[in-house]
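Observations on the three-dimensional arrangement
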Amino acid sequence: MAEEKNIVVPDIGDFEGVEVIEIMVSPGDTINVEDPLVSLESDKAAMEIPSPLAGTIREVKIKIGDQVSKGDLLATMEVAAAESAAVAHQEAETAEPPKETPGATEPEQPPTPTPTPSRTPAADQRPPPVTPSPIDEAGFRKAHASPSVRKFARELGADLGQITGTGKKGRISKQDVTAFVKRVMTSATAGGGLGVAPMPEIDFSEFGDIETQPLTKINKLTGQFLHRNWVTVPHVTQFDEADITELEAFRRQLNKEHKDEGVRVTVLAFLMKALVSALKEYPRFNSSLDPGGENLVLKKYFHIGVAVDTPDGLVVPVIRDCDRKSLIEVANELIAVSARARAKKLSPADLSGGCISISSLGGIGGTAFTPIVNAPEVAILGVSRAQMRPVYQEDGEFEPRLILPLSLSYDHRVIDGADGARFTSFLSKLLSDTRRLLL
Ligand code: CAO
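Every value quoted in this text rests on a predicted model; they were computed, and no experiment measured them.

1. Considerations on the site of the ligand
Around the ligand lies a shell of 22 residues, among which Thr266, Asp309, Arg342, Ser384 and Ala386 are the nearest. Take Arg251: an N or O atom from its side chain is 3.2 Å from an oxygen atom of the ligand. Asp309 is positioned such that a nitrogen or oxygen atom in its backbone is 3.0 Å from an oxygen atom of the ligand. Summarising the interface, the protein chains cover 72% of the accessible area of the ligand, which totals 960 Å² for the free molecule. Contributions of two or more residues to the shell around the ligand are made by strand 14 (308-310), helix 9 (327-342) and strand 17 (356-360). At three residues, helix 9 tops the list of elements feeding residues into the shell around the ligand. Here the shell around the ligand is composed, by residue class, of ten nonpolar, seven polar and five charged.

In structure tokens form, the structure reads like this:
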């Protein structure tokens, strides 16, 4: 059977006429023992009055700004009969004085972690992502926190209702609020507002010897660009291959013929010329989305970026007007620009204005990879190492052919899958029959 009980101000020490600054409950609220009911604040201290019992609030008897002293009626509560007996006992014993927070400052206590058995250690290291949202007043009121922590949370716009307290009985400390705000900020910046979970901070030296090396300026800048492009561009990678047996024979012959002039034509120079033809055939690959995402800007020039691996990190210098340069001019410029990149002598002009990029790992190895689009460009061609393979011929024989793997990543907002496949097929045909490059 339910009974109505009076909840009064317990012994609050020598304080008389203390002001009510916050009321955390309303009629109809179901509360547990120790749930905060009201906050009081004198000129010396702030304190929270916890509920001595569990039940449902029937009536709140005070309002914000009231001055209360020991024994004043705060609220009436409907409690179960068993609870009621406990109250009688508690009232006789005098309720435990509430905890004070002198000068409205949270005491610097290390929070006591509350074990939550259902969570794994990994989950504990990586709290769930939180996204900024307006404060839910009901949840905020019910949260178990001192007035100073409430004030602090309000100043930062942190919703106490979303914070899990690490103190006794889930009490929220100032540190909990700070950790929550930090998590919101990290989620927002790390994921560009995607609400991804922050990386756990791990001390790797716990597991073995380590060495910490600072990232270079190029590493950091490249990292930022790649991350932005990875999360903002919907990527698709189209794989294809080209038979470059004839191209390779021609390349070797060319290099022999121009040996005395110091000319060195690599597969990359052919790829750049082939890309120009492919861009002319498929102009959407030579475009950028405008920042508003409303228009496609089609470019009438043919500047090609080439990823160059340097001791300080990856850079992508641009070779301009590849349509107006001969194969040998492109090859020479490639050698010059990659030397400048490795000597850290690139100018800002060298690094801007690209239409499409090539990432060639062919000189190193590998069979295929998925390059990241160098936005605002809309496509990047990845090239892996050419390999001699037996290829079935129409006459029923297998012939050794040099096969070059191509990996074209593109921005699916601009380029359809069918066009992606058409583009690489076109490139493949060009590279398989270099005469077509003349067309
Ligand atoms: N298949 C087979 N052989 C290849 C090849 C391929 N796909 N690509 C290049 N080669 C050959 C070259 O023809 C050259 O052979 P020769 O000595 O017989 O002429 C040799 O490998 C070395 O080439 P290279 O790497 O010196 O020259 P390149 O024009 O192919 O590339 C450059 C120039 C600057 C792109 C390259 O040196 C480089 O830095 N590559 C790394 C790019 C990179 O890091 N990309 C990753 C970006 S994403 O993280």
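2. Focus: empty space enclosed by the protein
Summed over the entire model, instances satisfying the criterion amount to one cavity of 30 Å³ or more. The calculated volume of the largest cavity comes to roughly 40 Å³. What lines the largest cavity is Val25, Leu37, Val38, Val60, Leu74 and Ala75.

3. Digging into the confidence of the model for the chain
Of all residues in the chain, 84% have pLDDT values of 70 or greater, and the mean over the chain is 84. Across residues 84-129, where pLDDT falls below 50, the model places 72 contacts with residues more than four positions away in sequence or in other chains.

4. As for the pattern of salt bridges
In total, this model carries 19 salt bridges according to the counting rule given. Of the charged contacts in the structure, one is a salt bridge between Arg150 and Glu22, with a shortest N-O distance of 3.5 Å. Taken together, the residues span a long stretch of sequence, with Arg150 in helix 4 (residues 147-156) and Glu22 in strand 2 (residues 18-23) at a distance of 128 residues. The pair formed by Arg150 and Glu22 is uniform in burial state, with each residue classed as buried. The shortest N-O distance in the salt bridge between Glu248 and Arg251 comes to 2.9 Å. Highlighted residues: Glu248 and Arg251, both in helix 7 (residues 245-257), separated by three residues, approximately one helical turn. Under the relative-accessibility criterion, Arg251 is labelled buried at 14%. If you follow the salt bridges from partner to partner, you end up with Asp243, Glu246, Glu399 and Arg401 in one network.

Calculation criteria
For every chain, the first residue of the written sequence is number 1, and numbering continues from 1 along that sequence. Totals for whole chains, interfaces and linings use every residue, but because this is a predicted model, local features are given only for residues with pLDDT of at least 70 and side-chain atom pairs only at 80 or more, for both listing and counting. The side-chain figures draw on all heavy atoms in the structure; neither hydrogens nor water molecules are used. Only heavy atoms are used to decide nearness, and a residue is near a molecule or strand if one of them lies within 4 Å of it. Any pair of nitrogen or oxygen atoms within 3.5 Å is treated as a polar contact; in protein, a donor-acceptor pairing is required on top of that, and neighbouring residues in sequence qualify only through side-chain atoms on both sides. Here, Shrake-Rupley sampling with a 1.4 Å probe gives the accessible areas, and only protein chains in the shown set may cover a residue. The helix count covers DSSP runs of H or I at least four residues long, the strand count covers runs of E at least two residues long, and both are numbered beginning at the N terminus. In this classification, Asp, Glu, Lys and Arg are treated as charged, Ala, Val, Leu, Ile, Met, Phe, Trp, Tyr, Cys and Pro as nonpolar, and every other residue, Gly included, as polar. The method works on a 1 Å grid over the protein atoms by themselves. A cavity is a set of points holding a 1.4 Å probe that cannot get out, a pocket is an open set with protein on both sides within 12 Å along at least five of seven lines, and residues with an atom within 4 Å of a point line them. Grid points are joined across faces, edges and corners, and a volume is the space filled by probe spheres set on the points. The quantity called pLDDT is the predictor's confidence in a given residue, expressed from 0 to 100. Note on definitions: a residue-residue contact is assigned when non-hydrogen atoms from the two residues lie within 4.5 Å. The term salt bridge refers to a side-chain nitrogen of Lys or Arg lying within 4 Å of a carboxyl oxygen of Asp or Glu. To sort residues, take the accessible area from a 1.4 Å probe on protein chains only and compare it with the maximum for the residue type: under 20% means buried, over 50% means exposed, and anything in between is partly exposed.

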